[in-house]
Number of protein chains: 2
Amino acid sequence: MKVTEKKSAPIGVFDSGVGGLTVMREISRQLPCENIIYFGDTARVPYGSKSQNNVIRFSEQIIRFLQTKQVKAIVIACNTASALALESVQERFAVPIIGVVIPGARAAVEVTQNRKVGVVGTDATVQSGMYTKVIHKMAPDIVVLEKACPLFVPLVEEGFKEHVVTEEVIEYYLDSLRNTEIDAMILGCTHYPLLRSKIRAFMGDKIQIVNPAYETAMDLKKLLKQQGIENDGAAGECKRYEFYVSDAAEKFRKFANTVMPFDVPTTNVVNIEEY
Amino acid sequence: MKVTEKKSAPIGVFDSGVGGLTVMREISRQLPCENIIYFGDTARVPYGSKSQNNVIRFSEQIIRFLQTKQVKAIVIACNTASALALESVQERFAVPIIGVVIPGARAAVEVTQNRKVGVVGTDATVQSGMYTKVIHKMAPDIVVLEKACPLFVPLVEEGFKEHVVTEEVIEYYLDSLRNTEIDAMILGCTHYPLLRSKIRAFMGDKIQIVNPAYETAMDLKKLLKQQGIENDGAAGECKRYEFYVSDAAEKFRKFANTVMPFDVPTTNVVNIEEY
């Protein structure tokens with residue numbers, strides 16, 4: 001591919017389902033000229049309760065699919081896949097791939113004064129201990145407290161965002177974190193920003209809530225610039241957004257339209273197991 | 001296969017995950033001599049939020065896998081797959097296949113005096129309206145009220161069975177059913193029997209709770225007898241139980257050991273997408 005062609009080539013963004021749309025939204029804000037292909041693995045969602053082997057295999061299939069769309073870079077917009085599969089797929093594929101864990105960890109390291117950071121995420125993300133490993137590579141003195149909150153995803157997906165039950169579940173999971181000296185907490189799952197106001201209300205103002213989506217989009221921007229492949233609009237198409245899922249396209253489209261600041265028109269279904 | 005061989009051939013039982021173990025448990029009680037192969041699709045669980053096309057495709061793959069084990073009959077121990085895929089796979093495969101919806105519907109029809117029946121299940125099961133269709137084939141005069149309770153499965157899987165949050169979610173979903181004249185309610189998802197005591201406490205004594213597992217095992221018994229292929233122990237092996245999953249075998253084994261009345265020793269992982 002020529003550099004001019006590469007500049008207008010799309011960025012691939014993938015997630016286990018709809019959560020990664022919060023990351024795509026941030027990318028489209030910070031890199032308004034980029035074309036983006038989004039893939040949500042709605043046939044096999046959620047990843048957070050599944051094994052590393054399968055999360056790696058699912059990620060490889062999705063990357064092979066995205067490569068058929070000539071993507072110039074890939075963002076794993078799923079904390080579980082970033083934690084469990086990033087290293088493996090970076091070794092295996094030539095296309096540049098970034099995840100959300102390293103940018104999220106860096107933001108927390110920059111923010112914490114007490115040198116105590118909390119991380120909330122799915123079972124798989126927390127069991128991998130990946131946030132702790134990455135933070136300790138950057139700053140070995142920081143104490144990291146990780147806590148799995150597996151009910152947060154179904155509560156968001158089933159429309160309980162504003163229900164009192166969600167407040168009780170937040171208290172159940174986060175009470176032990178509130179009684180510590182952490183002053184930064186990473187929302188280590190792309191669904192959790194949708195509970196942000198309730199989480200903030202429970203944790204109080206002294207704790208900074210870190211959403212890795214913002215930092216991930218910054219990292220992507222840097223990467224494209226370094227490689228000279230950012231889309232400056234001079235070489236062709238801009239702002240082309242395509243959405244693919246492995247199941248239930250209409251349900252996805254409806255949800256996407258509640259999250260994205262633009263209209264999501266059609267969503268295409270892909271048999272991802274064939275890749 | 002000779003009839004004597006067929007008698008000792010195993011029964012295949014499958015589910016999207018662990019829920020179908022409640023059905024296998026009932027089969028092993030009522031048919032104590034049968035050999036059983038259980039398959040739980042833990043890599044793609046849950047089915048309740050997925051489309052009919054994919055649930056049919058997943059079911060076909062599992063049936064092809066079970067056929068490599070020379071099963072003499074198959075029980076779909078998952079309400080969603082029974083509701084969405086049974087007719088399609090019965091047309092496609094020669095092996096006898098039964099689901100849980102028809103037996104569950106029949107039990108409710110026999111029990112109701114008021115001719116008003118409630119059904120609770122996953123989104124996909126309720127949207128299919130299959131319980132209503134099947135009940136109306138048996139008794140067109142019965143009023144059927146179906147209600148999706150999508151949070152029940154994650155509450156069970158995340159260990160909130162005894163938590164007050166579960167009581168509130170039960171109230172949230174079932175309040176509208178309690179204020180009707182139903183006198184029978186089908187637990188149309190294999191996870192729900194694990195919440196039975198809390199559901200009963202909320203719904204009161206006047207409503208009979210129907211668990212399709214018992215009736216399904218009865219139907220299977222009848223089927224094997226009709227075809228003369230029940231295992232009488234004369235022709236070889238008895239009570240051989242094998243467990244297969246598509247992911248996270250150890251987690252499955254631990255859960256299975258809390259549900260089954262015997263020790264579940266090893267669980268094998270199968271790459272089900274290859275079938």
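Computed from a predicted model, the values in this text were never measured in an experiment.

1. With respect to the overall build of chain A
Helices and strands together make up the secondary structure of chain A, namely 12 helices and 10 strands. Taking 2.2 N^0.38 as the reference for a compact globule, 275 residues should give roughly 19 Å; the C-alpha atoms of chain A span a radius of gyration of 18 Å, in line with that estimate. Taking the principal axes of the C-alpha coordinates as reference, chain A spans close to 55 × 40 × 35 Å. Taking all 275 residues of chain A together, the buried fraction comes to 60%. A total accessible area of about 11000 Å² is found for chain A, and carbon and sulfur atoms account for 49% of it. Chain A carries 32 positive and 33 negative side-chain charges, and their two centres are separated by 3 Å.

2. Notes on the domain arrangement of chain A
How big an interface is tends to be reported as the loss of accessible area on association of its parts. Residue and element names in this part refer to chain A. With domains assigned, chain A is organised as domain 1 (3–99 + 214–274) and domain 2 (101–211). The gap between the C-alpha centroids of domain 1 and domain 2 is 23 Å. At the interface, 23 residues of domain 1 touch 21 residues of domain 2. Buried area between domain 1 and domain 2, both sides added, is near 1700 Å², and the carbon and sulfur share of it is 57%. When the buried area of domain 1 at its contact with domain 2 is split by residue, Asn79, Ala83 and Glu215 rank highest and sum to 32% of it. The interface formed by domain 1 and domain 2 contains two salt bridges. A salt bridge links Asp219 to Arg106; its shortest N-O distance comes to 2.7 Å. For the interface between domain 1 and domain 2, the tally reads nine residue pairs in polar contact (both at pLDDT 80 or more).

3. Focus on the environment of Tyr241 of chain B
Residues and elements named next belong to chain B. One can find Tyr241 in strand β9 (residues 241–245). C-alpha of Tyr241 to C-alpha of Gly159: the two residues are 82 residues apart in sequence and 26 Å apart in space. Among residues more than four places away in sequence, those in contact with Tyr241 are Met24, Ser28, Pro32, Glu34, Ile36 and Phe262.

4. Considerations on the sheet that holds strand β8 (residues 208–210) of chain B
Residues and elements named next belong to chain B. In space, the four strands of this open sheet follow the order β6-β5-β7-β8, with parallel pairing throughout. Every interior strand has two partners, whereas the edge strands, β6 (143–148) and β8, have only one. Ignoring which end each strand starts from, the neighbouring axes of this sheet average 20° apart. Pairing of strand β7 (residues 184–188) with β8 involves three bridges; the strand directions are parallel. Residue pairing for β8: Ala184 is matched across the bridge by Gln208. Sitting on the sheet, helix α9 (residues 164–178) is in contact with β5 (116–121), β6 and β7, with an inclination near 170° to β6.

5. Remarks on the UniProt feature "binding site: substrate" (unreviewed entry) in chain A
Residue and element names in this part refer to chain A. The feature "binding site: substrate" (unreviewed entry), as annotated in UniProt, sits at Asp15, Ser16, Tyr47, Gly48, Asn79, Thr80, Thr190 and His191 in this numbering. Spatial clustering of the annotated residues is evident: they stretch over 177 residues in sequence, but the largest pairwise C-alpha distance comes to 12.4 Å. Lining the second largest cavity, from the set of annotated residues above, are Asn79 and Thr190. Within the secondary structure, Gly48 is located in the loop between β2 (36–40) and α3 (52–67). Once residues within four sequence positions are removed from consideration, Gly48 is found in contact with Thr80, Thr122, Asp123 and Ala124. The topology assignment puts Asn79 in helix α4 (residues 79–92).

6. Notes on the side chain of Asn231 of chain B
Residue and element names in this part refer to chain B. Examined against the element boundaries, Asn231 turns out to sit in the loop between α11 (212–226) and β9. A polar atom in the side chain of Asn231 sits 3.1 Å from the backbone oxygen of Cys33. Of the polar contacts made by the side chain of Asn231, one reaches the backbone nitrogen of Gly233; its length is 3.1 Å. Ignoring any residue separated from it by four or fewer positions in sequence, one finds Asn231 in contact with Lys7, Ser8, Cys33, Glu34, Asn35, Lys72, Glu237 and Cys238.

The rules we used
- Residues numbered from 1 in each chain as written.
- Chains lettered and ligands numbered in written order.
- Predicted model: local features only at pLDDT ≥ 70, side-chain atom pairs only at ≥ 80, totals over all residues.
- Heavy atoms only, no water.
- Helix = DSSP H or I, 4+ residues; strand = E, 2+ residues; numbered from the N terminus.
- Rg over C-alpha atoms; globule rule 2.2 N^0.38 Å.
- Buried < 20%, exposed > 50% of the residue type's maximum accessible area, 1.4 Å probe, protein only.
- Areas by Shrake-Rupley, 256 points an atom, 1.4 Å probe, with all protein chains shown as cover.
- Lys, Arg positive; Asp, Glu negative; His and termini not counted.
- Charge placed at Lys NZ, Arg CZ, Asp CG, Glu CD.
- Domains from an automatic or database assignment.
- Contact = heavy atoms within 4.5 Å.
- Buried area = accessible area lost by both parts, 1.4 Å probe.
- Salt bridge = Lys/Arg side-chain N within 4 Å of Asp/Glu carboxyl O.
- Polar contact = N/O pair within 3.5 Å; in protein donor to acceptor, adjacent residues only side chain to side chain.
- Pairing = 2+ DSSP bridges.
- Axes fitted to C-alpha atoms, helices over the stretch in contact; angles between N-to-C directions.
- UniProt positions renumbered as here; feature names shortened; annotations may be inferred.
- 1 Å grid on protein atoms, 1.4 Å probe; cavity = no way out; pocket = protein on both sides within 12 Å on 5 of 7 lines; lining within 4 Å.

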